[in-house]
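Each chain is listed here by its residues.
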Amino acid sequence: MKPAPFDYVAPETTQEACAILAEAGGGATVLAGGQTLMPLLALRMSQPFILVDINRIAALRGVSRVDGATRIGPVTRQNDLIADEMLGRSLPLLVTATRHVGHHQTRNRGTIGGSIALGEPAAELPATAVALGASIELQSARGSRRIAAEDLYLGPYSTALAPDELVTAIDFPDWPPGTVTLFREVARRPGDFALVGLVGALTVIDGKIVRVGIAWFGMGPTPIKARRAERALIGQPAAGLDIGGIAELAIDETAPFDDHHATADYRRSVGRRVFQRCLTETLSRRPA
């Protein structure tokens, strides 16, 4: 099939892009990397009146430091995230997660903002943003606002992003020394969306867990923050944990489903083992 007819615009400033989105009244779609959008257009599952290409907006690209956080522009390519030395030092978990996104060829075009805004429940980057406590800066002709990543996702491919809003930055807060990270996904093939995925970080100081962020992907309609498991870990000694019991708390918060790839029972069973193994291995790597 061929895409339905649409107008194409390529604004050079954020303000211009927001004005176009406001004027379109919900009839516009934003093009960043296009790795999901292009097939949807070709299949006519997406039929915008206007395609707003934001790739010429220099302010939406790159990695920088802001107070207590690392800021990433939404049009930053996924392979650029992997190659960025600053991210390798400040956000190694994001780099690890990005390596699992699609394939090298798709990461050359795919962007962090496109992945964050799409709301695919089995994708790596939305769950990583949720686990690490990232915040998303949104801008429209009406003004700007900030939303926590965990509050952005409402359901499969459904977010709190209004039709006239544009993601303008993703801010990842700093985690202190003594932080170790965990990442594991189970997929049918490398590059596929996860059947079960887990991502997170733990800060251990003087042998005690003082900060935790953990999220599931591929285990429900959105990235799922493992709040009960986080609460059970905070304040506990890193040694001698009841990892099996904490894994049950984490699994109880998921909402897996049956599809043609796997059953909900399979996802729960694998998820339980993934959590136990991940947490055990992560804590064994903590600084002495």
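Provided above is the structure to which this section pertains.
Note that the structure is predicted; figures quoted are calculated from it, not measured.

Draft legend 1. Molecular detail of the packing of aromatic side chains. Per the counting criterion, the structure on display carries 2 aromatic pairs. Note on Trp216 and Phe275: the rings are 6.1 Å apart at their centroids and 35° apart in plane angle, and the pair reads as tilted. Placement of the pair is Trp216 in strand 13 (residues 208–217) and Phe275 in helix 12 (residues 264–284), with a sequence separation of 59 residues. Across the pair, Phe275 and Trp216 agree in class, each one buried. One cation-aromatic arrangement involves Arg211 over Trp175; the distance from NZ or CZ to the ring centre is 4.0 Å.

Draft legend 2. Region of interest: the environment of Arg231. Structurally, the position occupied by Arg231 is in helix 10 (residues 227–233). For Arg231, a relative accessible area of 57% translates into the label exposed. Taking the C-alpha atoms as reference points, Arg231 and Gly213, separated by 18 residues in sequence, lie 9.8 Å from one another.

Draft legend 3. Fine view of the sheet that holds strand 14 (residues 224–225). One open sheet accounts for 4 strands, arranged 11-12-13-14; its pairing is antiparallel. Edge strands, defined here as strands with exactly one partner in the open sheet, are strand 11 (179–186) and strand 14. Each of strand 11 and strand 12 (196–205) touches helix 5 (residues 92–99); the most contacted strand, strand 11, lies at about 10° to it.

Draft legend 4. Structural context of the nonpolar core. Judged by nonpolar contacts, the single largest core of 35 residues is most densely connected at Ile112, Ile116, Ile136 and Phe172. By residue number, the principal contributor to this core is helix 8 (residues 124–131), which donates 5 residues.

Draft legend 5. The arrangement of the environment of Leu81 in detail. The residue Leu81 is located in helix 3 (residues 78–83) in this model. Taking relative accessible area as the criterion, Leu81 reaches 0% and is therefore assigned buried. The spacing of Leu81 and Ala28 is 53 residues in sequence and 28 Å in space, taken between C-alpha atoms.

Draft legend 6. Geometry of the packing of helix 5 against helix 8. Relative orientation of the contacting elements helix 5 and helix 8 amounts to 160°, with a least axis distance of 9 Å. If you check the angle between helix 5 and helix 8, you find them roughly antiparallel. The crossing of helix 5 and helix 8 is right-handed. Here helix 5 contributes Leu93, Leu94, Ala97 and Thr98 to the contact with helix 8, which in turn contributes Glu124, Leu125 and Thr128. Here the contact of helix 5 with helix 8 is composed, by residue class, of 4 nonpolar, 2 polar and 1 charged.

Draft legend 7. Looking closely at the side chain of Arg107. Mapped onto the elements, Arg107 comes out in helix 6 (residues 104–107). Glu124 provides the closest opposite charge to the buried, unpaired Arg107, separated from it by 8.3 Å. A distance of 3.1 Å separates the side chain of Arg107 from the side chain of Asn79, its partner in a polar contact. Contact partners of Arg107, with chain neighbours within four places excluded, come to Arg77, Gln78, Asn79, Ile82, Thr98, Arg99, Val101 and Gly102.

Draft legend 8. Geometry of the pairing of strand 13. Judged by how many residues are buried, strand 13 sits mostly within the fold: 7 of 10 residues are covered. Sheet topology note: the strand 12/strand 13 ladder contains 9 bridges and is antiparallel. Note on strand 13: the bridge partner recorded for Val199 is Ala215. Bridging between strand 13 and strand 14 involves 2 bridges; their strand directions are antiparallel. The residue bridging Trp216 from the neighbouring strand is Ile224, located in strand 14. Taking the residues that link successive antiparallel strands as the turn, the strand 13-strand 14 hairpin has 6 residues, and the phi of Gly218 there is positive, at about 75°.

Draft legend 9. Seen up close, the sheet that holds strand 1 (residues 7–9). Spatially, the 3 strands line up as an open sheet ordered 1-3-2, and their pairing is parallel. Strands with a single pairing partner mark the edges of an open sheet, and in this sheet they are strand 1 and strand 2 (28–31). Across this sheet, the average inter-strand angle for adjacent strands is 25°, counted without regard to direction. In this structure, strand 1 lies alongside strand 3 (residues 50–53), joined through 3 bridges in parallel fashion. Looking at the pairing, Val9 lines up with Val52 of strand 3. Strands strand 1, strand 2 and strand 3 of the sheet are contacted by helix 1 (residues 14–24), whose axis makes an angle of about 165° with strand 3.

Reading the values: the criteria
- Residues numbered from 1 in each chain as written.
- Predicted model: local features only at pLDDT ≥ 70, side-chain atom pairs only at ≥ 80, totals over all residues.
- Heavy atoms only, no water.
- Phe/Tyr/Trp six-rings, centres within 6.5 Å; stacked < 30°, edge-to-face > 60°.
- Helix = DSSP H or I, 4+ residues; strand = E, 2+ residues; numbered from the N terminus.
- Buried < 20%, exposed > 50% of the residue type's maximum accessible area, 1.4 Å probe, protein only.
- Lys NZ or Arg CZ within 6 Å of the ring centre and 35° of its normal.
- Pairing = 2+ DSSP bridges.
- Contact = heavy atoms within 4.5 Å.
- Axes fitted to C-alpha atoms, helices over the stretch in contact; angles between N-to-C directions.
- Core = buried A, V, L, I, M, F, W, Y, C linked by side-chain atoms within 4.5 Å.
- Parallel < 35°, antiparallel > 145°, perpendicular 65-115°, else oblique.
- Left-handed = near helix turned anticlockwise from the far one by under 90°.
- Nonpolar A, V, L, I, M, F, W, Y, C, P; charged D, E, K, R; others polar.
- Lys, Arg positive; Asp, Glu negative; His and termini not counted.
- Salt bridge = Lys/Arg side-chain N within 4 Å of Asp/Glu carboxyl O.
- Polar contact = N/O pair within 3.5 Å; in protein donor to acceptor, adjacent residues only side chain to side chain.

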